[in-house]
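Working through the structure, step by step
Listed below, chain by chain, are the residues.
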Amino acid sequence: MTVDHPVSGSAVPYQFDNHVFPTPSTQLETLTPSAAANLASFQAYLRSSKRILALVGAGLSASSGLPTFRGTGGLWRNHDAMELATPEAFSNDPSLVWQFYSARRAAALHAMPNKAHYALAELSKRMPDFLTLTQNVDGLSTRANHPPNQLLHLHGSLFSLKCTSFYCDFQEDNHFTHPLTPELAIASEISAPYTHIPLSGLPHCPKCHTGLLRPGVVWFGEALPWRAVKAADDFISAGKVDLILVIGTSGTVYPAAGYVDRIRMQGGKVALFNIDIDDSEGEDDFPEMEPERSYANRTKWTFEGDAAEWVPVALEPIIGPIEVQEGSDGERFNLAVGRSDD
Ligand code: BJW
């Protein structure tokens, strides 16, 4: 089967009904004294941390132009994205669900990793005991050269395909061809009226030649990939995790969201990076009189704003500056030289 380069294929830019535009980076240029103290305290703890976990969600890729699930971005042709991400929806209307995923594949192929993807990849290269659990299926962390052994895909990938036949075990990863069938090309065009595609026009299994293929993502009610769950459990039980970075996730979907409480219960501290931090999470447990680099009495830090801006800044003492440049083939690279251990 053909495997095209992610950005060289015929991917058509696709936008959801209420797509979210990247947030301009204004907040970091004018840090208030209390925000600067918050950052300094976090960075002091980061430097002292030996074992770090990150739990990331759709907000990590929002600045890359991919919509989140909940809130303003979560509608596709007036369908709630959550209602399409179920085995029942696929079984009731595979044409609708395949068009949803085909559009998502096109959008992900067209999108570029942002600075936060590169920052997490860079932290992995510098810290062998840093592990990222991603709920994202868009492949952007991989395209930012995140070391694969330090990245666990909890919810699968848009670019994996599985046969739905009970009798067939076909599964293929890294399948970047778009569209998967000529009929699915229409799904990329938001202005085109919705057209039902008969089963014969949907992707079929190249192994058994009868089963319908489905995207290799984890839908509601389905088990997470056991290898990823086991690797996450092994990491957590191998020693205390000092810090969990919770980046661009609503923390509403389990078991993924449960990792945050597990780390808290072990005595680990939490850093939240989210464009919208609710009042209870936003409460600063940083005592007014504490020196800014102290973290002894803190259990969490919050960084409200675009993760693509905050994450590289927060991690800079370890990873150095992140500078992203586009290559001749359209892919992006982190040009940062990194920071020496001074
Ligand atoms: C920004 C930003 C910017 C925006 N910068 N931030 C315990 C209690 C209750 C229920 C359950 C439970 N355990 C299990 C369940 C059931 C269910 C569940 O959790 N339901 C809840 C809704 C209540 N869980 C499951 O069914 C899971 N399976 C399971 O438990 O199986 C058990 C089993 C065992 C053995 C055998 C069989 C079964 C499976 C869950 C699968 C979730 N799948 C999806 C779809 C994947 C495919 C696809 O992509 O289409 O995964 S749902 C969707 O939600 C997707 C996401 O990965 C996931 C999380 O969403 P995420 O990433 O947090 O996105 P949003 O949109 O919610 O949030 C974005 C955030 O970013 C927001 O906070 C924004 O503010 C922020 N933001 N711009 C920073 N620029």
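Read on for a plain summary of the structure. Numbering of residues begins from 1 in every chain and follows the order in which that chain's sequence is written. Under the rules for a predicted model, residues below a pLDDT of 70 receive no local features and side-chain atom pairs below 80 are neither given nor counted, while totals for whole chains, interfaces and linings still include all residues. Excluded from the side-chain calculation are hydrogens and water; included are all heavy atoms of the structure.

Focus: the overall build of the chain
Within the chain, the regular secondary structure consists of 10 helices and 13 strands. The classification of residues rests on relative accessible area computed with a 1.4 Å probe and restricted to protein chains. Under 20% of the type maximum is buried, over 50% is exposed, and intermediate values are partly exposed. Taking all 342 residues of the chain together, 53% fall into the buried category. It only takes one pair of heavy atoms within 4.5 Å for two residues to be counted as in contact. Of the contacts formed within the chain by residues at least 6 apart in sequence, a portion of 74% connects residues at least 24 apart. Of the roughly 15,900 Å² of accessible surface on the chain, 54% is carried by carbon and sulfur atoms. Think of it this way: any DSSP run of H or I at least four residues long counts as a helix, any run of E at least two long counts as a strand, and we number them from the N terminus. Surface accessibility in these figures is a Shrake-Rupley result with a 1.4 Å probe; residues are shielded only by whichever protein chains are displayed.

Remarks on the nonpolar core
By nonpolar core is meant a set of buried Ala, Val, Leu, Ile, Met, Phe, Trp, Tyr and Cys residues that side-chain atoms within 4.5 Å join together. Counting residues in hydrophobic clusters, the biggest one holds 35 residues, and the most contacted among them are Val97, Trp98, Tyr101, Leu158, Leu213 and Trp219. If you list the elements that add at least two residues to this core, you get α2 (81-84), α3 (87-92), α4 (94-110), β6 (156-163) and β8 (213-217). If you tally residues by element for this core, the top one is α4, at nine residues. If we ignore the near neighbours within four places in the chain, the residues touching Leu158 are Tyr101, Arg104, Arg105, Ala108, Val137, Asp138 and Val217.

Quick word on the sheet that holds β6
Spatial strand order, β7-β6-β8: three strands in an open sheet with antiparallel pairing. At either end of the open sheet lies a strand with only one pairing partner, and these are β7 (171-172) and β8. Here, a strand pair is defined by DSSP locating no fewer than two bridges between the strands. Across four bridges, the pairing between β6 and β8 is antiparallel. The partner of Gly156 across the bridge, within β8, is Val217. Working convention: axes come from line fits to C-alpha atoms, limited for helices to the stretch in contact. Angles between N-to-C directions cover 0 to 180 degrees. Its contacts with the sheet place α4 against β6 and β8, and it is angled at close to 135 degrees to β6.

Side note on the side chain of Asp242
Note that Asp242 resides in the loop between α7 (226-237) and β9 (243-247). Here Asp and Glu are counted as negative and Lys and Arg as positive; His is not counted, and neither are the chain ends. In what follows, salt bridge is the name for a side-chain nitrogen of Lys or Arg lying within 4 Å of a carboxyl oxygen of Asp or Glu. Here Asp242 occupies a buried position and makes no salt bridge, while the nearest side chain of opposite charge, Lys240, is found at 4.2 Å. In protein, a polar contact requires one atom able to donate a hydrogen and another able to accept it; more generally it is a pair of N or O atoms within 3.5 Å, and residues adjacent in sequence count only if both atoms are side-chain atoms. Among the polar contacts listed, one links the side chain of Asp242 to the backbone nitrogen of Lys50, at a separation of 2.8 Å. For Asp242, the residues in contact, after removing those within four places along its chain, are Tyr45, Ser49, Lys50, Arg51, Gly268 and Lys269.

As for the pairing of β6
Of all eight residues that make up β6, seven are buried, and the element is covered over most of its length. Sheet analysis places β6 next to β7, joined by two bridges and oriented antiparallel. Bridge assignment links Lys162 to a residue of β7, and that residue is Gln171.

Observations concerning the state of the cysteines
Any pair of cysteine sulfurs within 2.5 Å is marked as a disulfide. Taken as a whole and assessed by the stated rule, the structure comprises zero disulfides. Lacking any disulfide linkage, Cys205 is separated from the closest cysteine sulfur, that of Cys168, by 3.7 Å. Residue Cys205 is classed as buried on the basis of its relative accessible area of 2%.

A few points about the site of the ligand
Note on terminology: near, applied to a residue and a molecule or strand, indicates that one of the residue's heavy atoms is within 4 Å of it. In the neighbourhood of the ligand, 35 residues make up the surrounding shell, with Arg70, Tyr101, Arg104, Thr249 and Ser250 lying closest. Glu222 places a main-chain nitrogen or oxygen 2.7 Å from a nitrogen atom of the ligand. Taking Asp306, its side chain carries an N or O atom lying 2.9 Å from a nitrogen atom of the ligand. Its free accessible area being 1,500 Å², the ligand has 73% of it covered by the protein chains. Here the residues of the shell around the ligand are counted per class, giving 18 nonpolar, 12 polar and five charged. Three categories are distinguished: nonpolar for Ala, Val, Leu, Ile, Met, Phe, Trp, Tyr, Cys and Pro, charged for Asp, Glu, Lys and Arg, and polar for the others, with Gly belonging to the last.

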